[in-house]
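In case you want the letters, here they are:
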Amino acid sequence: MEWLSSYWWVIVIGIIMLMLIIGFIKTYNKLKVMQIKVNETLSGIEVALAKRHDMLIKMLDTAKGYMKHERETLIETIKFRKGMSISELNEASVKMDSVASTINAVAESYPELRSADVFKELQVGIRDVEQHLQAARRLYNSSVTSLNNVVAVVPSNIVAGLCGIKKEEFFVAEEYQKSDVKMSF
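Residues numbered from 1 in each chain as written. Predicted model: local features only at pLDDT ≥ 70, side-chain atom pairs only at ≥ 80, totals over all residues. Heavy atoms only, no water.

Draft legend 1. Inspection of a nonpolar patch on the surface at higher detail. A contiguous nonpolar patch, built from W8, W9, I13, I16, M17 and L20 and spanning about 720 Å² of accessible area, is present on the exposed surface. Along the polypeptide, W9 turns up in helix α1 (residues 2-82). Under the relative-accessibility criterion, W9 is labelled exposed at 56%. (Patch = residues over 30% accessible without salt bridge, like charges linked within 9 Å, V, L, I, M, F, W, Y side chains within 5 Å. Areas by Shrake-Rupley, 256 points an atom, 1.4 Å probe, with all protein chains shown as cover. Salt bridge = Lys/Arg side-chain N within 4 Å of Asp/Glu carboxyl O. Helix = DSSP H or I, 4+ residues; strand = E, 2+ residues; numbered from the N terminus. Buried < 20%, exposed > 50% of the residue type's maximum accessible area, 1.4 Å probe, protein only.)

Draft legend 2. Representation of the pattern of salt bridges within the structure. A full pass over the atoms with the stated rule returns 2 salt bridges. Between R127 and D128 there is a salt bridge, and its shortest N-O distance comes to 3.7 Å.

Draft legend 3. Quick look at the side chain of Q35. In this fold, Q35 is placed in helix α1. With relative accessibility at 17%, the residue Q35 sits in the buried group. Dropping the residues within four chain positions of it, Q35 is found in contact with L147 and I165. (Contact = heavy atoms within 4.5 Å.)

Draft legend 4. How the structure looks around helix α4 (residues 156-163). Regarding α4, the residues found buried are S156, V159 and A160. Taken end-on, α4 shows its buried residues confined to a sector of 100°, consistent with a single buried face. For α4, exposure combined with an orientation more than 90 degrees from the buried face picks out G161 and L162. Positive phi shows up at G164, right after α4, with a value of about 75°. (Arc of directions from axis to C-beta.)

Just geometry here; none of it tells us what the structure is for.
Structure representation (structure tokens):
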């Protein structure tokens, strides 16, 4: 019987060791999954920044192109009218009125190209991109909070310390990022 009582303690110690190993593995896996989530959300910020850069450059170039076209058209119209007498202006006005109905029919068939509309699209695009970027930053900080909480509490902090898993830094905007972007036309 004495051999049975000595084996009993070995079995109990073995079960405790097995439970500790299983707990260690589960905690380690949880920490690794959380690190992957933090990296994924950081990648989301990078994607949003790239999207913002590409979209803003393209929309700004488009707006500049429309502004240039309208400025050239306005200058040409002023030059054309400048050399006309009142009777020529009236004559041109009558001719334009007769053609206006045809122009209106054609204009309804094609989209109106005006720089004001492009600027509205630019404003909407900027707002959408900035909201996407803010959401990506909030998601990243949320993932960092989850990881940092697990790294900070017992017993997962022991596993994190043994495996070299550390707290992550929150996203904090640089000073230049806090200021408005200067857009020149």
